[in-house]
Amino acid sequence: MKKKWLLARLGLAGALVAGAGVMVLAPPAQSIQASLSAQDSPVWQTNASVQGIAVAAGKAYVGGRFTSVRPPGSPLGTNEVGQAYLAAFDATTGNLVTAFNPVFDGQVYAVAASADGSRVFVGGDFTTVNGVTRNRIAAFDTATGALVTNWKPSVSYRVKSIAVSGSTVYFGGSFGLVNGVDRLRLAAVTTDLGTLLPWAPATNGDVYAVDVADDGSKAYAGGQFSTVNGTNQNTVTSLDPVTGAVLPFPGASAVPPPNGSCTTRVKSIDASGDTVYFGNGGDGGGCFDGTWAVDISTNTLKWKNQCLGATEAVKLINGWLYKGSHAHDCANQGAGGFPQGFGYRFLLTQNPADGKLGPWFPNTNAGPPTEVGPLAFATGGSDLWVGGDFTLTNGVGQQGLTRFTNTGPGAAPAKPAKLLPYSVKAGEVQIHFPTVLDNDDSTLTYRLLKGFTNTTIATWTASSTPWDKPWLHYTDTNVTPGEVTNYRVEVTDGTTTIRGNYSDPLTVASSTSTAYDQIISSDGPQAYWRLGEASGTTTSVDSSGQSNNGTYTGVTLGTAGKVAGNTAATISASNGRMPGEKAYSFPQQFTVEAWFKQSFTRGGRIIGFGNSKTGNSSANDRMLYLRSNGQVTFGVNDGSQRTINSTSNKNNSAWHHAVGTFDNGVMKLYVDGVLAGSQTVGQASLYYGWWRVGYDTTNSWSGGGATQTGMVIDEAAVYPYALSADQVTSHYNAG
């Protein structure tokens, strides 16, 4: 996180240098940065959940709860082909393989293939296949599609997971017997004849996942158990693949022990190369739902990612760890991503070296009966097959099954916004704009184009994610006063180039403007509420061009303002406020600014950030507030409440200008154009929230909680970067 924001800061500094220039801050854009396109490829759908997948011999074998399948694009109930519990699809086209039509009498949970792809093994709740007895596990010949007649172990109850290693099929579930012999939820048979092997580790709870190291040196099992072979093993174990003995497993320390508020269990395992990867799902708020990685040779922990939202599937493909979950909070505890409130990301990728989230952002939804989204992953080596309970993929109807390949060009960058350039100084144009998203390449190249000749005058390489789209900035001094010109931005991922619309024509200033609103707008605010609407108005218009209007509550409009020609807003109720309608993810570079006046012995919150749009925020910082003794305070929470205070006597019924800036841990407070103090702190709190003018809860903050009724606020603005001292002085002098 620190490194990312440092790069953004370097971009800001370079971009503000006048004249044309090139600022390269990251590796070049490469179309598909995460090895797989975020654009889903066509594949048939199912009418209910998919729970297990294996790719073998040019086909994807898919098992689950479904009873029919249909072509892509067909709504549920149309063009249905009856095929219950197990189906095969062409691994290249995604089309149904109609020649493969086994008949099961119960659902399939697990599907796995032999290393040579000649056989596919399936497990579940079924007791017959094609009218013959197959108690919960069966094998198919991939060349003919036929049920293997002489492979018929008999399992007493559900088989939930299968792994094939060499000549052995390992499986786990809820059973107690195999071929009438005690096998407490774990067992192994031969791949050729299904002969029961002596491998018999015993767990005291259900097994959800099994896998074996590529070199066959160790087997792993995870599930809802607390002992294996009578020894304490919290939801995961490392086993000798021949004897079934429990092996030392210090990496299991990643899984917290159960307590009254949290029980977490391993739900997915993928052993690949020298590392085994695990995915957990927990019960209880804040319970461990994340992923973790263990060195196979030493069984020691490599890393742990604590995203919240149960992880159901993990799979290493082409140097990235792909994750299926209903992740809803990846901001805290080293997860390195989006905060609670941003929404659900059902598909993610992680760097297998450290577990940090990677540049791949397709999405599904979640549907009945499990309501979790993706449940199963498989790969043929250069693709990802995803099964689950979802009904949408990338916002389009695609139920139960979807797939992603490395076929180019991948997802295209979003179209850049229409620019809003300003010229308030003679021979100078300022341009500020947000970066855009590409769902499979977070690192994009931006070019600033001038005039209808589309001359490139600046180039940046910058990174963005769905939850963090930093802004870029440029000052063009290669202009002539009185010149009429325009600008636009183009962005490329190395393959696809997208251009934004031309800005409106701009006349370059011949003299310095003194208009307050023009000076503010030229510095690129992310929101600018002038608060000058007529009395009785309920909507506060955002003058920044970023469409972040707000709604007034407990505010009286029409008070004489600080800036000539514009009125101000008076807080007329104890909780009077105006929150903007757009939410943002934990800004680490920002400026908050406003004019205010308040009477003696009163104070109140002026402007800041909170995690509630309409009510009182439980998380609340990045704010300017006034103490009852007249001190202006700028507060940021980096785990502790950090504050900078001005001198007192600012509640003297006179107008005052307050600005708080934050730049990757450096916070500064300016009052009436003068620096009042600064300090270096940690990362600002990681939560999803709204910028709000006026009231929010400040009682827990030093000097907070003062009565704010009667406070007048004017010209409130928020910027996506830290204003310089010169900019602050310019704003104060213009007021």
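For clarity, every value in this text was computed on a predicted model and none was experimentally measured. (Residues numbered from 1 in each chain as written. Predicted model: local features only at pLDDT ≥ 70, side-chain atom pairs only at ≥ 80, totals over all residues. Heavy atoms only, no water.)

**Q** What am I meant to see in the overall build of the protein here?
**A** When you go through the protein residue by residue, the secondary structure sums to three helices and 60 strands. For 735 residues, the compact-globule estimate of 2.2 N^0.38 gives 27 Å, and the C-alpha radius of gyration of the protein, at 30 Å, lies within 12% of that figure. Counting only C-alpha atoms and orienting by the principal axes, one finds that the protein spans roughly 90 × 60 × 45 Å. Scored against the burial criterion, the 735 residues of the protein give a buried share of 59%. Intrachain contacts of the protein at a sequence separation of at least 6 include 57% that bridge at least 24 residues. Of the roughly 25700 Å² that the protein leaves accessible, carbon and sulfur atoms contribute 50%. Looking at the protein, you have 47 positive and 49 negative side-chain charges, and the mean spots of the two groups are 4 Å apart. (Helix = DSSP H or I, 4+ residues; strand = E, 2+ residues; numbered from the N terminus. Rg over C-alpha atoms; globule rule 2.2 N^0.38 Å. Buried < 20%, exposed > 50% of the residue type's maximum accessible area, 1.4 Å probe, protein only. Contact = heavy atoms within 4.5 Å. Areas by Shrake-Rupley, 256 points an atom, 1.4 Å probe, with all protein chains shown as cover. Lys, Arg positive; Asp, Glu negative; His and termini not counted. Charge placed at Lys NZ, Arg CZ, Asp CG, Glu CD.)

**Q** I keep staring at the packing of aromatic side chains and nothing clicks. Help me out?
**A** Two aromatic rings are characterised by how far apart their centres lie and by the angle between their planes. Under the definition given, this model contains 33 aromatic pairs. Taking 5.8 Å as the distance between ring centres and 15° as the angle between the ring planes, the aromatic pair formed by Tyr344 and Phe346 counts as stacked. Measuring from centroid to centroid gives 4.8 Å for Phe609 and Trp691, while their planes differ by 55°, and the two rings are tilted. Here Trp691 lies in strand S59 (residues 688–694) and Phe609 lies in strand S52 (residues 604–610), a separation of 82 residues in the sequence. (Phe/Tyr/Trp six-rings, centres within 6.5 Å; stacked < 30°, edge-to-face > 60°.)

**Q** Would you mind showing me how to read the sheet that holds strand S19 (residues 207–212) here?
**A** Across a sheet, paired strands are connected by hydrogen bonds in the backbone, their directions being either parallel or antiparallel. Strand order across the open sheet formed by three strands is S19-S20-S23, with antiparallel pairing between neighbours. Of all strands in the sheet, those with a lone pairing partner are S19 and strand S23 (236–239), marking the two edges. Sheet twist, expressed as the average angle between the axes of neighbouring strands with direction ignored, equals 15°. Here S19 runs beside strand S20 (residues 219–223); their pairing, made up of five bridges, is antiparallel. Paired with Val212 across the two strands is Ala219, which belongs to S20. (Pairing = 2+ DSSP bridges. Axes fitted to C-alpha atoms, helices over the stretch in contact; angles between N-to-C directions.)

**Q** I'm lost on the environment of Tyr721 in this one. Help?
**A** You can see Tyr721 is positioned in the loop between strand S60 (712–719) and helix H3 (725–734). Its relative accessible area of 2% is what places Tyr721 among the buried residues. A sequence separation of 131 residues divides Tyr721 from Phe590, and the C-alpha atoms of the two residues are 4.3 Å apart.

**Q** Would you explain the side chain of Asp663 in this entry?
**A** Take Asp663: it is sitting in strand S56 (residues 656–663). Reaching out from Asp663, the side chain makes a polar contact with the side chain of Gln589 at a distance of 3.3 Å. Of note is the side chain of Asp663, whose polar atom sits 2.8 Å from the side chain of Asn664. (Polar contact = N/O pair within 3.5 Å; in protein donor to acceptor, adjacent residues only side chain to side chain.)

**Q** Explanation requested: the side chain of Ser74 in the structure shown.
**A** Here Ser74 lies in the loop between strand S6 (68–70) and strand S7 (81–82). What Ser74 contacts, discounting residues up to four positions off in sequence, is Gln45 and Asn79.

**Q** What am I meant to see in the nonpolar core here?
**A** Here is a general trend for soluble globular proteins: nonpolar side chains tend to be buried in one another's company. Counting residues in each nonpolar core, the largest one holds 38 residues, and the members touching the most others are Trp529, Leu531 and Ile607. Sort the elements by how many residues they give to this core and strand S51 (residues 589–597) lands first, with four residues. Those residues in contact with Leu531, other than ones at most four positions away along the chain, are Ser540, Tyr552, Leu557, Thr567, Ala568, Ala569, Met578, Val693, Ile713, Asp714, Glu715 and Ala716. Counting 20 residues, the second largest nonpolar core, distinct from the first, contains Ile431, Phe433, Trp460 and Val491. (Core = buried A, V, L, I, M, F, W, Y, C linked by side-chain atoms within 4.5 Å.)

**Q** Could you clarify how one ought to interpret the pattern of salt bridges in this entry?
**A** Summed over all chains, the structure comprises 17 salt bridges. Here Asp270 ties to Lys315 by a salt bridge, and the two come within 3.6 Å at their closest N and O atoms. Pair noted here: Asp270 is in strand S24 (residues 263–272) and Lys315 is in strand S28 (residues 311–317), with a separation of 45 residues, a long-range link. In this structure, Lys450 and Glu483 form a salt bridge, with 4.0 Å as the shortest nitrogen-oxygen distance. With Lys450 in strand S38 (residues 443–450) and Glu483 in the loop between strand S40 (471–476) and strand S41 (484–485), the pair connects residues that are 33 residues apart, well separated along the chain. What makes Lys450 buried here is its relative accessible area of 12%. One network of salt bridges, in which partners are shared, links Arg447, Glu490 and Arg499. (Salt bridge = Lys/Arg side-chain N within 4 Å of Asp/Glu carboxyl O.)

**Q** Explain the confidence of the model for the protein here, please?
**A** Averaged over all residues, the pLDDT of the protein is 94; the fraction at 70 or higher stands at 96%. Per-residue pLDDT stays below 50 along residues 1–26; that stretch engages in 52 contacts with residues further than four places along the chain or on separate chains. (pLDDT = per-residue confidence, 0-100.)

**Q** Please explain the pairing of strand S39 (residues 455–463) as it appears in this structure.
**A** Walk down a regular strand and you will see the side chains alternate between the two sheet faces. Pairing analysis gives eight bridges linking S38 to S39, with the strands arranged antiparallel. Within S39, the residue paired with Lys450 across the bridge is Thr455. Connecting S38 to the antiparallel partner S39 that follows it, the hairpin turn spans four residues, and Gly451 within it adopts a positive phi of roughly 70°.

**Q** How do you make sense of the state of the cysteines when you look at a structure like this?
**A** Two cysteines joined by a covalent bond between their sulfur atoms form a disulfide. With the rule as written, the count across this model stands at two disulfides. The disulfide that involves Cys262 links it to Cys287, with 1.9 Å between the sulfurs. Its torsion about the S-S bond being 60°, the disulfide of Cys262 and Cys287 is classed as right-handed. Here Cys262, found in the loop between S23 and S24, pairs with Cys287, found in the loop between strand S25 (275–283) and strand S26 (291–295); they are 25 residues apart in sequence, far enough to count as distant. This pair shows no difference in class: Cys262 is buried, exactly as Cys287 is. With its sulfur 2.0 Å from that of its partner, Cys307 forms a disulfide with Cys330. Taking the torsion about the S-S bond as the criterion, the Cys307 to Cys330 disulfide, at about 125°, is right-handed. One end of the pair, Cys307, is in the loop between strand S27 (301–305) and S28; the other, Cys330, is in the loop between strand S29 (320–327) and strand S30 (345–350), and 23 residues separate them in sequence. (Disulfide = S-S within 2.5 Å.)

**Q** What am I meant to see in unusual backbone geometry here?
**A** In most cases, non-glycine residues show a negative phi, while peptide bonds are predominantly trans. Of the consecutive residues Pro368 and Pro369, the connecting peptide bond is found in the cis state with omega at 0°. One can find Pro369 in the loop between S30 and strand S31 (374–378). Gly408 connects to Pro409 through a cis peptide bond whose omega is 0°. You will see that Arg136, though not glycine, has its phi angle at about 70°, which is positive.

**Q** I'm lost on the pairing of strand S5 (residues 59–64) in this one. Help?
**A** Counting buried positions along S5 gives five out of six residues, so the element sits mostly inside the fold. Here strand S4 (residues 50–56) runs beside S5; their pairing, made up of six bridges, is antiparallel. Following the sheet pairing, Ala56 is matched in S5 by Lys59. A loop of two residues connects S4 with S5, the two strands running antiparallel in sequence, and Ala57 in this loop sits at a positive phi of about 50°. With five bridges connecting them, S5 and strand S8 (residues 86–90) associate as antiparallel partners. In the sheet register, Gly63 faces S8, and the bridge partner there is Leu86.

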